[in-house]
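Fold and contact review
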Amino acid sequence: MTSIVGNLLLVATVVFLGAVLAIGSFAYLDGLGAPTATADFTYERTPAGLEMTPEALSTAVDVQLNGKHVATFSEDAAGRTVLLPTAPGDRITAVSRDGEQTVLVDKTVDDRSEVGDFIAYYTFDSTSGSDLVDRSGNGNDGTLSGSPTWTGNSLRFSGGGGDHVDVTNLAVPGKTVSEFTVAVAYRQDGSSGRVNQLVEHYNGGNEWFLENPGASGNQYRTEYAVNYPNDLVSSGTTYTTGQRHVAVGTFDGSTYELYVDGNRVGSDRYDSTVNMGDLVIGADAPNGNSQTLDGEIYEIRLYYTAFDGEEIRVISTAMG
């Protein structure tokens, strides 16, 4: 009898504890709530990247590109479009702005049909080696010369010793380039009144480049040329060494414009066809032995499309 009573008491205790745990679990779940936010998005490719459009939203949503905030959609934003300047390997995330912070979109861009009109795309995130990989898929890889140093998220140029990267015969398979946009995210560390070259393209007598001539002290300007020395614009504004910037030059065959950090700082006209040839990164073309950059380059985007001010602002924000 004692054994039977003991077993009954043990069973009762287990049932009681199970009921307590169940009640506690239900209360815990009731406190958190199951995710209730919903959203439906469509995507359309443009020359600058993907346009993202919400078709239906049950809550306000934050949109991030590679962890950076790029847009907010309110609950009544269905049909409103935002441009995401997507590149290979980018990650698009949409998170509800309610207390649940539900991840509604987690999308990795890995298809050529989901990125912009790239000629070349460089991220500078290697840690070793003498090759700069073109992540656009067009095969416009570069070769390091001198002794530039990988940092893991940039390429460091010493300002001397012929540090540069050679990219030969820029091309897009099956495409004739008639306009372009070049964007460089960089930091310049030294000026000393000399030219620091970011990128320079050359093909025979034709040159286009982005460079930073020294002004005074630790100040410099930014210049963009599509036909040096005659067709060139300068920022007019000086910038301070040691700070990160994004310089963008665009050319549609007749008008060329210079932007720094998304702001247009120079513009002029030059009627010409566009030549694609060799590119030098971090030094003067064609030999890379002068006007070397003292600083770091984080990212370079070269497109075969000329973009307007809003598209360049979005690209500059993503690169910055």
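Relevant structure appears above.
These numbers come from a predicted model, not from an experiment. (Residues numbered from 1 in each chain as written. Predicted model: local features only at pLDDT ≥ 70, side-chain atom pairs only at ≥ 80, totals over all residues. Heavy atoms only, no water.)

1. Considerations on the pattern of salt bridges
- One pass over the structure, following the stated rule, counts 14 salt bridges.
- The residue Arg-187 makes a salt bridge to Glu-296 at a minimum N-O spacing of 3.2 Å. Note that Arg-187 is positioned in strand β14 (residues 180–188) and Glu-296 in strand β25 (residues 294–303), a separation of 109 residues in sequence.
- For Glu-296, a relative accessible area of 12% gives the class buried.
- Within this structure, Arg-156, Arg-187, Asp-189, Asp-294 and Glu-296 form a network of salt bridges that share partners. (Salt bridge = Lys/Arg side-chain N within 4 Å of Asp/Glu carboxyl O. Helix = DSSP H or I, 4+ residues; strand = E, 2+ residues; numbered from the N terminus. Buried < 20%, exposed > 50% of the residue type's maximum accessible area, 1.4 Å probe, protein only.)

2. With respect to the pairing of strand β18 (residues 223–227)
- Burial analysis of β18 places five of its five residues in the buried class, the great majority of the element.
- The sheet contact formed by β18 and strand β19 (residues 231–234) spans four bridges and is antiparallel. Of the residues in β19, the one forming a bridge with Ala-225 is Leu-232.
- Linkage of β18 to β19, two consecutive antiparallel strands, is achieved through a turn of three residues. (Pairing = 2+ DSSP bridges.)

3. Structural notes on the environment of Arg-221
- Mapping Arg-221 onto the fold places it in the loop between β17 (219–220) and β18.
- Residue Arg-221 is classed as partly exposed on the basis of its relative accessible area of 25%.
- Considered as a pair, Arg-221 and Ser-234 are 13 residues apart in the sequence and their alpha carbons are 6.9 Å apart.
- Sequence-distant contacts of Arg-221, that is, excluding residues within four places in its chain, are made with Glu-211, Asn-212, Pro-213, Gly-214, Ala-215, Ser-234, Ser-235, Thr-237 and Thr-238. (Contact = heavy atoms within 4.5 Å.)

4. Digging into the environment of Ser-272
- On the secondary structure map, Ser-272 appears in the loop between β23 (263–269) and β24 (278–281).
- The residues contacting Ser-272, other than those within four sequence positions of it, are Phe-251 and Gly-253.

5. Let's talk about the sheet that holds strand β4 (residues 68–73)
- In space, the four strands of this open sheet follow the order β4-β3-β6-β7, with antiparallel pairing throughout. Edge positions in the sheet fall to β4 and β7 (103–108), since each has one partner strand and no second. Strand after strand, the sheet turns through a mean of 15 degrees between neighbouring axes, direction not considered.
- Relative to β7, strand β6 (residues 91–96) runs antiparallel, the two sharing five bridges. What sits directly across from Arg-91, in β7, is Thr-108. (Axes fitted to C-alpha atoms, helices over the stretch in contact; angles between N-to-C directions.)

6. Things to note about the side chain of Thr-292
- In this fold, Thr-292 is placed in the loop between β24 and β25.
- In terms of polar contacts, Thr-292 uses its side chain to reach the backbone carbonyl oxygen of Gly-159, at 2.8 Å. (Polar contact = N/O pair within 3.5 Å; in protein donor to acceptor, adjacent residues only side chain to side chain.)

7. Topic: unusual backbone geometry
- Residue Pro-229 is bonded to the preceding Tyr-228 through a cis peptide linkage, with omega at 5 degrees.
- Relative to the assigned elements, Pro-229 resides in the loop between β18 and β19.
- For the peptide bond that leads from Ala-285 to Pro-286, omega is 5 degrees, which places it in the cis range.
- Of note in this structure, Gln-101 is not a glycine but carries a positive phi near 50 degrees.
- With phi around 60 degrees, Phe-124 is a residue other than glycine that occupies positive phi space.
- Mapping Phe-124 onto the fold places it in the loop between β8 (118–122) and β9 (131–132).

8. What about the sheet that holds strand β10 (residues 142–145)?
- Read across the open sheet, the eight strands follow the order β9-β10-β13-β24-β15-β16-β18-β19; overall the sheet is antiparallel. Each edge of the open sheet is held by one strand with a lone partner, namely β9 and β19.
- With four bridges joining them, strand β15 (residues 195–203) and β24 adopt antiparallel strand pairing. Across the sheet, the residue bridging to His-201 is Leu-279, located in β24.

So far we have only geometry, and geometry alone does not tell us how the molecule works.
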